[in-house]
Amino acid sequence: MDRNALTATARALVAPGKGILAADESSGTIKKRFDSIGVESTETSRRTYRDMLFTAPRANDAISGVILFDETIRQASIDGDIPFPKLLADQGIIPGIKVDAGAKELALASGETVTEGLDGLRERLTDYVALGARFAKWRAVITIGDAIPSDACIDANAHALARYAALCQEAGVVPIVEPEVLMDGDHTIERCFEVTRRTLQRVYEQLYAQRVQLDGTLLKPNMVISGAGASKQADVEAVAAMTVQCLQESVPAAVPGIVFLSGGQSDQLATAHLNAINTLGPLPWRLSFSYGRALQAAALKAWAGADSRRTAGQEAFLHRARMNALATTATWTEGAEAAA
Ligand code: 13P
């Protein structure tokens, strides 16, 4: 393991004015996205869609890395049959890979999950490195409910995240550590703060225990926000202030960057929140994005499965990428949306 190479990759992923495109939807999730635009999910339609995103002109101005799914890292461009990892790397975009096997029901628990995928992970990582992956992602899911999350759920997920991170670093791959506290529910922002802080603190305890080199990792957390079904929604300034406070109370300064997930927030709100977060500080880490839905929703709609709408899809994707890139340096405004 080359410690300096891990740090360099982690830092490159959070270079100023850049963030990550999460395009690692599993087959089940991408089918749901395609259902919403009336497109059948086949190996070919998935390749065509990802090809549209990955060939968007000058995406590398705003995108530092792309997280791929197992199927996608083995696919190639439509024009020229260039393997997707090479197509990205040739543009200066770092290829990454989702390596977890999904959140499964936690035994002896009700409504809680633990993310699986550690068995055979060392061998799979070797395979992914040969295919060009330089960073990875593992998503743990924490649900807020009446008597949950339990310590059993948080601890099981934190332990798995730390074992995944250690295996990644052994393979020379930067682990993105993603403990997502879901926004589903009618809980208050204060409850989200408390659960997110407890989760992050447990995750870092486990990362230390498993000897993970923190400066060769990135954190991918949720923002601290009101539950999606809560009658009172905290405003942008409150979200920014409470998110930053939560991170300051949990995340070691050695971590080079924090790349938020969008988690179901609308496109523009995810951008506004990131921008407001970056007006605060100074902070020890770079704060950027690793959005899935908030970077792709408009592009999916504009493309709608039609070859003739490929350029429209790319423009919609590039627009969101540029808006979020501005938000990483607190230079986004609503005016920038309108001007574009
Ligand atoms: P969203 O931004 O759509 O939440 O997706 C990010 C992601 O990669 C979740 O694991």
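Here the structure is shown first, and the text comes after it.
Residues numbered from 1 in each chain as written. Predicted model: local features only at pLDDT ≥ 70, side-chain atom pairs only at ≥ 80, totals over all residues. Heavy atoms only, no water.

1. Quick look at the overall build of the chain
Here is step 1: Broken down by element type, the chain carries 13 helices and 10 strands.
Here is step 2: Here the C-alpha radius of gyration of the chain, 19 Å, is about what a compact globule of 340 residues would show, namely 20 Å.
Here is step 3: Projected onto the principal axes, the alpha-carbon positions of the chain cover approximately 50 × 45 × 40 Å.
Here is step 4: For the chain, buried positions account for 56% of its 340 residues.
Here is step 5: Partitioning the contacts of the chain with sequence separation of at least 6, the portion at a separation of at least 24 is 80%.
Here is step 6: Here the chain displays about 13,800 Å² of accessible surface, and carbon together with sulfur accounts for 50% of that area.
Here is step 7: A distance of 3 Å separates the average location of the 34 positive side-chain charges in the chain from that of its 40 negative side-chain charges. (Helix = DSSP H or I, 4+ residues; strand = E, 2+ residues; numbered from the N terminus. Rg over C-alpha atoms; globule rule 2.2 N^0.38 Å. Buried < 20%, exposed > 50% of the residue type's maximum accessible area, 1.4 Å probe, protein only. Contact = heavy atoms within 4.5 Å. Areas by Shrake-Rupley, 256 points an atom, 1.4 Å probe, with all protein chains shown as cover. Lys, Arg positive; Asp, Glu negative; His and termini not counted. Charge placed at Lys NZ, Arg CZ, Asp CG, Glu CD.)

2. So, the packing of aromatic side chains
Here is step 1: The tally for this structure, following the rule as stated, stands at six aromatic pairs.
Here is step 2: An angle of 50° between the planes, with centres 5.8 Å apart, marks the rings of Phe-34 and Trp-303 as tilted. Here the residue Phe-34 occupies a position in helix H2 (residues 27–35), and Trp-303 occupies one in helix H11 (residues 293–303), the gap between them amounting to 269 residues.
Here is step 3: Judged by relative accessible area, Trp-303 falls into the buried class, the value being 2%. (Phe/Tyr/Trp six-rings, centres within 6.5 Å; stacked < 30°, edge-to-face > 60°.)

3. So, the site of the ligand
Here is step 1: As a matter of local geometry, the ligand sits amid 13 residues, with Lys-137, Lys-220, Ser-262, Gly-263 and Arg-293 nearest to it.
Here is step 2: At 2.9 Å from an oxygen atom of the ligand is found a side-chain nitrogen or oxygen belonging to Glu-178.
Here is step 3: Contact between the ligand and Gly-292: an oxygen atom at 2.7 Å from a main-chain N or O atom of the residue.
Here is step 4: For the ligand, whose unbound accessible area comes to 300 Å², protein coverage reaches 92%.
Here is step 5: Assessed atom by atom at 2 Å from the grid points, the ligand resides in the largest pocket.
Here is step 6: Every element with two or more residues in the shell around the ligand is listed here: strand S6 (135–142) and strand S10 (286–291). (Near = heavy atom within 4 Å. Polar contact = N/O pair within 3.5 Å; in protein donor to acceptor, adjacent residues only side chain to side chain. 1 Å grid on protein atoms, 1.4 Å probe; cavity = no way out; pocket = protein on both sides within 12 Å on 5 of 7 lines; lining within 4 Å. Sits in = over half its atoms within 2 Å of the grid points.)

4. Considerations on the packing of helix H6 (residues 121–131) against helix H7 (residues 151–170)
Here is step 1: Relative to each other, H6 and H7 sit at 45°, their axes nearing to 10 Å. Considered as vectors, H6 and H7 are oriented oblique to each other. The interaxial crossing formed by H6 with H7 has right-handed handedness. On H7, the residues touching Leu-121, Arg-122 and Leu-125 of H6 are Tyr-164, Leu-167, Cys-168 and Glu-170.
Here is step 2: Of the residues assigned to the contact of H6 with H7, the class counts are five nonpolar, no polar and two charged. (Axes fitted to C-alpha atoms, helices over the stretch in contact; angles between N-to-C directions. Parallel < 35°, antiparallel > 145°, perpendicular 65-115°, else oblique. Left-handed = near helix turned anticlockwise from the far one by under 90°. Nonpolar A, V, L, I, M, F, W, Y, C, P; charged D, E, K, R; others polar.)

5. So, the pairing of S6
Here is step 1: The buried count for S6 comes to seven of eight residues, which makes it a mostly enclosed element.
Here is step 2: Across eight bridges, the pairing between S6 and strand S7 (residues 174–181) is parallel. Residue Phe-135 lies in a different strand from S7, and its bridge partner there is Val-174.
Here is step 3: Between the parallel pair S6 and S7, the chain is carried across by H7, and the sense of this crossover is right-handed. (Pairing = 2+ DSSP bridges. Right-handed = clockwise from strand over helix to strand, strands pointing away.)

6. Section: the pattern of salt bridges
Two side chains that carry opposite charge are able to pair once their charged atoms sit near each other.
Here is step 1: Applying the stated criterion to the full structure yields 21 salt bridges.
Here is step 2: Asp-70 is paired through a salt bridge with Arg-74; the nearest N and O atoms lie 3.0 Å apart.
Here is step 3: Residue classification places Arg-74 among the partly exposed residues on the basis of a relative accessible area of 45%. (Salt bridge = Lys/Arg side-chain N within 4 Å of Asp/Glu carboxyl O.)

7. Here we look at the layout of surface pockets
Here is step 1: Approximately 720 Å³ is the volume attributed to the largest pocket.
Here is step 2: For the largest pocket, the lining is made up of 34 residues, of which Thr-29, Arg-33, Lys-98, Lys-137 and Arg-139 are closest to its centre.
Here is step 3: If you list the elements that add at least two residues to the lining of the largest pocket, you get H2, strand S4 (103–105), strand S5 (113–115), S6, S7 and S10.
Here is step 4: Within the lining of the largest pocket, the residues separate by chemical class into 10 nonpolar, nine polar and 15 charged. (Points joined across faces, edges and corners; volume = space filled by probe spheres on them.)

8. Thoughts on unusual backbone geometry
Most peptide bonds adopt trans geometry, and most residues besides glycine take a negative phi value.
Here is step 1: Ile-148 connects to Pro-149 through a cis peptide bond whose omega is 10°.
Here is step 2: Among the structural elements, Pro-149 can be located in the loop between S6 and H7.
Here is step 3: A cis amide bond links Gly-281 to the next residue, Pro-282, at an omega of 10°.
Here is step 4: For Pro-282, the location among the structural elements is in the loop between helix H10 (267–278) and S10.
Here is step 5: A positive phi angle is found at Asp-81, which is not glycine, with a value near 55°.
Here is step 6: Take Asp-81: it is sitting in the loop between helix H4 (70–73) and helix H5 (84–89).
Here is step 7: Looking at Asp-81, the relative accessible area reads 53%, which means it is exposed.
Here is step 8: With phi around 60°, Leu-108 is a residue other than glycine that occupies positive phi space.

Limitation: the analysis is restricted to geometry and does not speak to function.
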